[in-house]
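Read off the chains here:
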Amino acid sequence: MKPDRIILAITGASGAQYGLRLLENLLDAGCEVYLMISQPAQVVIATETNLDLPGRADEQQIFLSECFSAADNQLHVFGRDQWMSPVASGSNTARAMVICPCSSATLSSVANGASRDLIERAADVMLKEGRKLILLHREMPVSAIHLENMLKLSRLGVTIMPASPGFYHQPTTIDELIDFVTARILDQLHIEHTLIPRWGESQ
Ligand SMILES: Cc1cc2nc3c(=O)[nH]c(=O)nc-3n(C[C@H](O)[C@H](O)[C@H](O)COP(=O)(O)O)c2cc1C
């Protein structure tokens, strides 16, 4: 059976935990994941988590595969200039890409078709191929530039998700807030999960 391939990019917005938890759940669900982590995202990961993430993509692949018990060849990590990787071309077979979290810088690059590094190129490919692209943007407050970039992408069919968890499941831990957001992204990807009870189904 063809593997369910998902592209995940973690960029340098606050909320690295959202991206890492999403990665864990995609791997648990049996997806094959093409992962890219921008350099600013590595600074954020060092600031916000206890992960001692190595700097090189090949080392990150080994490290994160171990962290999340990925199967052989389930996780592929690419560096910013790895132009020979599948995600650089529309011939790749990934059905969706998520940028989680998505910085305002990457939001702008994607909205303007910059394609200057592999994350921007992979997103541009998803746009040109008409495939599912989800941006979990994190910034507060947002400027008119951010709003215009979001509107432009939304009109092109991109799913814009602000990193803003709900509270109606009465969370008592940060993990529950992270899971709320992760669950909504998995829903968008049509991937089954049991992270949080669904509205109206908890009783
Ligand atoms: C600890 C930390 C937190 C940051 N948080 C945000 C944020 O929430 N949103 C944002 O748009 N940029 C944030 N930035 C700034 C971005 O990292 C910066 O604009 C960077 O150029 C983004 O590059 P990238 O999109 O290639 O990862 C943060 C930077 C650091 C170091």
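Up top is the structure these notes are about.
Enquirer: I'm lost on the overall build of the protein chain in this one. Help?
Expert: Along the protein chain, the regular secondary structure elements total seven helices and six strands. Listing the helices and strands of the protein chain from first to last along the sequence gives β-α-β-α-α-β-β-α-α-β-α-β-α. At 16 Å, the protein chain has a C-alpha radius of gyration in line with the 17 Å of a compact globule built from 203 residues. For the protein chain, with 203 residues in total, the buried portion stands at 40%. Contacts spanning at least 24 positions in sequence make up 72% of the contacts within the protein chain whose residues lie at least 6 apart.

Enquirer: Whenever I open this one, the sheet that holds strand S5 (residues 132–137) confuses me. Can you help?
Expert: Sheets are built from strands paired through backbone hydrogen bonds, the pairs being either parallel or antiparallel. Strand order in the open sheet formed by six strands is S3-S2-S1-S4-S5-S6, with parallel pairing between adjacent strands. In the strand order of this sheet, the two ends are held by strand S3 (75–78) and strand S6 (159–162), each with one partner. Direction aside, neighbouring strands of the sheet carry axes that sit 20 degrees apart on average. Pairing analysis gives five bridges linking strand S4 (residues 96–102) to S5, with the strands arranged parallel. Its bridge partner being in S5, Ala96 is matched across the sheet by Lys132.

Enquirer: Quick question: what am I supposed to make of the site of the ligand here?
Expert: As a matter of local geometry, the ligand sits amid 16 residues, with Thr11, Gly12, Ser38, Pro40 and Ser104 nearest to it. Only helix H2 (39–48) and helix H4 (104–111) provide two or more residues apiece to the shell around the ligand. Ranked by residues supplied to the shell around the ligand, first place goes to H2 with five residues. Split into classes, the residues belonging to the shell around the ligand amount to six nonpolar, eight polar and two charged.

Enquirer: Even after reading the chapter, I still don't get unusual backbone geometry, so can you show me in this structure?
Expert: Peptide bonds are trans in most cases, and residues, glycine excluded, mostly fall at negative phi. Cis peptide bonds are those with omega within 30 degrees of zero, and the linkage from Cys100 to Pro101 qualifies with -5 degrees. Within the secondary structure, Pro101 sits in strand S4. A cis amide bond links Met140 to the next residue, Pro141, at an omega of -5 degrees. Looking at where Pro141 falls in the secondary structure, it is placed in the loop between S5 and helix H6 (144–155). Look at Ser69: it is not a glycine, yet its phi comes out positive at around 50 degrees. Note on placement: Ser69 falls in the loop between helix H3 (57–67) and S3.

Enquirer: Would you take a moment to explain the pairing of S6 for this structure?
Expert: Consecutive side chains along a regular strand alternate between the two faces of the sheet. Alignment of S5 against S6, held across four bridges, turns out to be parallel. From the neighbouring strand, His137 faces S6, where its bridge partner is Pro162. With H6 bridging S5 and the parallel S6, this β-α-β connection has right-handed handedness.

Enquirer: I tried to follow the packing of helix H1 (residues 16–28) against helix H7 (residues 174–188) on my own but got confused; where do I start?
Expert: Any two packed helices are characterised by how steeply their axes cross, that is the angle between the axes, and by the distance between the axes. The geometry of H1 relative to H7 is characterised by a closest axis approach of 9 Å and an angle of 55 degrees between their N-to-C directions. In terms of orientation, H1 and H7 fall into the oblique class. Classified by chirality, the crossing of H7 by H1 is right-handed. Within the contact between the two elements, H1 uses Gln17, Tyr18, Arg21, Leu22 and Asn25 and H7 uses Ile178, Asp179, Val181, Thr182, Ile185 and Leu186. Its residues placed into classes, the contact of H1 with H7 shows six nonpolar, three polar and two charged.

Enquirer: Honestly, the nonpolar core in this entry has me stumped. Any pointers?
Expert: One recurring pattern in soluble globular proteins: nonpolar side chains tend to sit buried together. With 57 residues, the main nonpolar core has Leu8, Met97 and Val98 as its most contacted residues. Among the elements that make up this core, the one with the highest residue count is H1 (seven residues). Those residues in contact with Met97, other than ones at most four positions away along the chain, are Ile7, Ala9, Ala122, Ala123, Met126 and Leu133.

Enquirer: I keep staring at H6 and nothing clicks. Help me out?
Expert: An α-helix turns once every 3.6 residues. As a result, residues three or four positions apart point the same way. Helix length check: H6, at 12 residues, gives a terminal C-alpha distance of 16 Å against a target of 16 Å (1.5 Å per residue), a fit within 8%. Those residues of H6 that are buried are in contact with H4, S5 and S6. Positive phi appears at Gly157, one or two residues downstream of H6, with a value of about 100 degrees.

Cut-offs and rules
Residues numbered from 1 in each chain as written. Predicted model: local features only at pLDDT ≥ 70, side-chain atom pairs only at ≥ 80, totals over all residues. Helix = DSSP H or I, 4+ residues; strand = E, 2+ residues; numbered from the N terminus. Rg over C-alpha atoms; globule rule 2.2 N^0.38 Å. Buried ≥ 20, exposed ≤ 12 C-beta atoms within 10 Å, placed from the backbone. Contact = placed C-beta atoms within 7 Å. Pairing = 2+ DSSP bridges. Axes fitted to C-alpha atoms, helices over the stretch in contact; angles between N-to-C directions. Near = placed C-beta within 6 Å. Nonpolar A, V, L, I, M, F, W, Y, C, P; charged D, E, K, R; others polar. Right-handed = clockwise from strand over helix to strand, strands pointing away. Parallel < 35°, antiparallel > 145°, perpendicular 65-115°, else oblique. Left-handed = near helix turned anticlockwise from the far one by under 90°. Core = buried A, V, L, I, M, F, W, Y, C linked by C-beta atoms within 7 Å. Expected span 1.5 Å × (residues − 1).

Don't take any of this as a statement about function, it's just geometry.
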